[in-house]
Amino acid sequence: MNVSVVVGLDRKLPDLLRACGVQVASIEIDELKTLAEATVRLPDVIVLDVRDRPTMPAELAVIKRQHPATGILVVLPRLETTLILDAMRGDHTLFTMAE
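Colleague: Could you give an account of the overall build of the protein chain, naming the residues involved and the relevant values?
Modeller: Each helix and strand counted, the protein chain has four helices and five strands in total. Element order for the protein chain, N to C, with α for helix and β for strand: β-α-β-α-β-α-β-α-β. When the accessible surface of the protein chain is summed, it comes to about 5800 Å², and 56% of that surface belongs to carbon and sulfur atoms.

This is the structure in structure tokens:
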């Protein structure tokens, strides 16, 4: 499985996934726009850490629409209504992670 992690303030998330045997590439939030415009095959899963952001990046909707086979896992700091609704509308999987 090929996974790209959009890292936030906590840079440990890619290391945690690697420790589980997952092939991980760390990318920055600015690179989501490039992924949204990509015509090549995207990673199997994009993990987005939004624990330091109040909203979901708009590029996620574009990625999901153009590449429906790419899974998107959103890491939240806690269950916040706005982020939950944004994730559900985008058909993303949610995961809460204590800091």
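The structure having been displayed, the exposition proceeds.
Colleague: Can you explain helix H3 (residues 59-66)? Please cite residues and give values.
Modeller: Considered for burial, the residues of H3 that qualify are Leu 60, Ile 63 and Lys 64. Angularly, the buried residues of H3 cover 95° about the axis, an arc narrow enough to put them on a single face.

Colleague: Explain the pairing of strand E1 (residues 2-6) residue by residue, including any values.
Modeller: Along any regular strand the residues' side chains alternate between the sheet's two faces. For E1, the tally of buried residues reaches four of five residues, placing the bulk of the element in the interior. Inspection of the sheet shows E1 paired to strand E2 (residues 23-27) by five bridges, in the parallel sense. Residue pairing across strands places Ser 4 opposite Ala 25, the latter belonging to E2. Following the backbone out of E1, through helix H1 (residues 13-19) and into the adjacent parallel E2, one traces a crossover that is right-handed. With four bridges connecting them, E1 and strand E3 (residues 45-49) associate as parallel partners. Looking at E3, one finds that Val 6 is bridged to Leu 48.

What counts, and at which threshold
- Per-chain numbering applies: the sequence of each chain, read as written, is numbered from 1 onward.
- At least 70 in pLDDT is required for a residue's local features to be given in this predicted model, at least 80 for side-chain atom pairs to be given and counted, and no such filter applies to totals for whole chains, interfaces and linings, which use all residues.
- For side-chain calculations, the full set of non-hydrogen atoms in the structure is used, while hydrogens and water are omitted.
- Helix numbering and strand numbering both begin at the N terminus, where a helix is a DSSP run of H or I of at least 4 residues and a strand a DSSP run of E of at least 2.
- In short, Shrake-Rupley with a 1.4 Å probe defines the accessible areas, and a residue's cover is counted only from the protein chains shown.
- For every residue, the accessible area (1.4 Å probe, protein chains only) is compared with the maximum for its type, and the residue is labelled buried under 20%, exposed over 50%, or partly exposed between those bounds.
- This arc is taken over the directions from the axis of the helix to the C-beta atoms.
- Pairing between strands is defined by DSSP: at least two bridges between the two strands are required.
- The path from the first strand over the helix to the second decides the hand: if it runs clockwise while the strands point away from the viewer, the crossover is right-handed.

All we've got here are geometric facts, nothing functional implied.
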